[in-house]
Amino acid sequence: MTRIVVVQSFRLLVLIAVLPFAAAYATGGAEAGAAAYDAPAIATPAAFLTMIAASLALGFFFERWRVAAPLLLAGTVASSALHLTEIAPGAVAPEVATAAFMTIGILIGERFSSIDRASLPALYRAAIGSFVIGLGVSVLFAGLAVLAVGVDIGVALVAFSPGAVESMIVLA
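Residues numbered from 1 in each chain as written. Predicted model: local features only at pLDDT ≥ 70, side-chain atom pairs only at ≥ 80, totals over all residues. Heavy atoms only, no water.

**A few points about a nonpolar patch on the surface**
Our working definition: Every patch collects residues that have over 30% relative accessible area and no salt bridge, joining them within 9 Å if they carry like charges and within 5 Å if they are nonpolar side chains (Val, Leu, Ile, Met, Phe, Trp, Tyr). All accessibility values rest on the Shrake-Rupley procedure with a 1.4 Å probe; residue burial counts only the protein chains present in the view. Between Lys or Arg on one side and Asp or Glu on the other, a salt bridge is scored when a side-chain nitrogen of the former is within 4 Å of a carboxyl oxygen of the latter. To qualify as a helix, a DSSP run of H or I must reach at least 4 residues; to qualify as a strand, a run of E must reach at least 2; elements of each kind are numbered from the N terminus.
Where nonpolar side chains cluster on the molecular surface, the patch consists of Ile 133, Val 137, Leu 140, Phe 141, Leu 144, Leu 147 and Phe 160 and spans about 710 Å² of accessible area. Here the nonpolar patch takes 6 residues from helix H6 (residues 120-149), the largest share from any one element. Relative to the elements of secondary structure, Leu 140 occurs in helix H6.

Quick look at the structure:
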């Protein structure tokens, strides 16, 4: 399990560190993307509490049904449904999102507490190798999406990156 944690954590770290710059470069710079983006309004406290309650309730059912990652999926499904129906519109307040990301970072970092430091060089080779292979496949399919559908290359790179879901969550 330790090997998987190191390899997957490396992949996510590289994506979060490199992907925003690569996407900005591919789309003509950060200013071009920012100009075309209108930030959503911050959710009201009532809307935010509704999202939390719906996510926890659905997570309870997902856990009973033995769905993988029940709270993660429940939060995604509940938030999507509440936003689409406009029952609970709005984005999470930046202060809350920052606290949540810090907590996630602490929990991810804590996974490394049991790793033997002497074994890290061998694990990094595996991490880099798997990342390069995944990146090659992703770039290929992102390019095909650009040619087939005409989406922006930056959007396609983010969508097809190895770890797109995690990356989009962090970059959102």
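**Observations regarding the packing of aromatic side chains**
Definition in use: Any pair of Phe, Tyr and Trp rings, taking the six-membered ring for Trp, is counted once the centres come within 6.5 Å. Such a pair is stacked with planes under 30 degrees apart, edge-to-face with planes over 60 apart, and tilted for the rest. For each residue, the accessible area found with a 1.4 Å probe, counting protein chains only, is set against the maximum for its type, and the residue is called buried under 20%, exposed over 50%, and partly exposed in between.
Summed over the entire model, instances satisfying the criterion amount to 3 aromatic pairs. Seen from their ring centres, Phe 62 and Trp 65 are 6.1 Å apart, and the 45 degrees between their planes marks the pair as tilted. Overall, the relative accessible area of 57% leaves Trp 65 in the exposed class.

**Comments concerning the side chain of Ser 138**
Cut-off, in case you're wondering: The contact criterion used is simple: two residues touch if any of their non-hydrogen atoms lie within 4.5 Å.
Along the chain, the position of Ser 138 falls in helix H6. Here Ser 138 falls in the buried class, since its relative accessible area comes to 10%. Setting aside its immediate chain neighbours within four residues, Ser 138 contacts Phe 160, Ser 161 and Pro 162.

**Focus: the packing of helix H3 (residues 45-64) against helix H4 (residues 70-84)**
Threshold: Axis definition: a line fitted to C-alpha atoms, over the contacting stretch in the case of helices. Angles run 0 to 180 degrees between N-to-C directions. Angle categories are assigned with fixed cut-offs, so that under 35 degrees is roughly parallel, over 145 is roughly antiparallel, 65 to 115 is roughly perpendicular, and the rest are oblique. Helix crossings are classified by the rotation of the near helix relative to the far one: an anticlockwise turn of less than a right angle makes the crossing left-handed, while a clockwise turn makes it right-handed. Each residue gets one of three labels, nonpolar for Ala, Val, Leu, Ile, Met, Phe, Trp, Tyr, Cys and Pro, charged for Asp, Glu, Lys and Arg, and polar for the others, Gly among them.
Running from N to C, H3 and H4 cross one another at 135 degrees; their axes reach a closest spacing of 8 Å. Between H3 and H4, the crossing angle belongs to the class labelled oblique. Classified by chirality, the crossing of H4 by H3 is right-handed. Across the interface between the two elements, Thr 50, Met 51, Ala 54, Ser 55, Leu 58, Gly 59, Phe 62 and Glu 63 of H3 pack against Pro 70, Leu 71, Leu 73, Ala 74, Gly 75, Val 77, Ala 78, Ser 79, Leu 82 and His 83 of H4. Residues that form the contact of H3 with H4 fall into these classes: 11 nonpolar, 6 polar and 1 charged.

**Regarding the side chain of Ser 55**
Spelled out, the test is: Distance and chemistry together define a polar contact, namely a pair of N or O atoms within 3.5 Å, with one atom able to donate a hydrogen and the other to accept it when in protein, and with adjacent residues in sequence counting only for side-chain atoms on both sides.
Mapped onto the secondary structure, Ser 55 falls in helix H3. You can call Ser 55 buried: its relative accessible area is 15%. Polar side-chain contacts of Ser 55 include one of 2.7 Å to the backbone oxygen of Met 51. Residue contacts for Ser 55: discarding those within four places in its chain leaves Ala 74, Gly 75 and Ala 78.

**Notes on the environment of Leu 120**
Mapped onto the secondary structure, Leu 120 falls in helix H6. Separated by 114 residues in the primary sequence, Leu 120 and Val 6 place their C-alpha atoms 8.2 Å from one another. The residues contacting Leu 120, other than those within four sequence positions of it, are Val 6 and Ile 115.

**Some remarks on unusual backbone geometry**
Phi angles above zero are rare outside glycine, and Ala 69 is one such case at about 50 degrees. As for its placement among the helices and strands, Ala 69 is situated in the loop between H3 and H4. One non-glycine residue with positive phi stands out, namely Glu 86, at about 60 degrees. Turning to its location among the elements, Glu 86 is positioned in the loop between H4 and helix H5 (94-110).

Coordinates in, geometry out; function isn't part of it.
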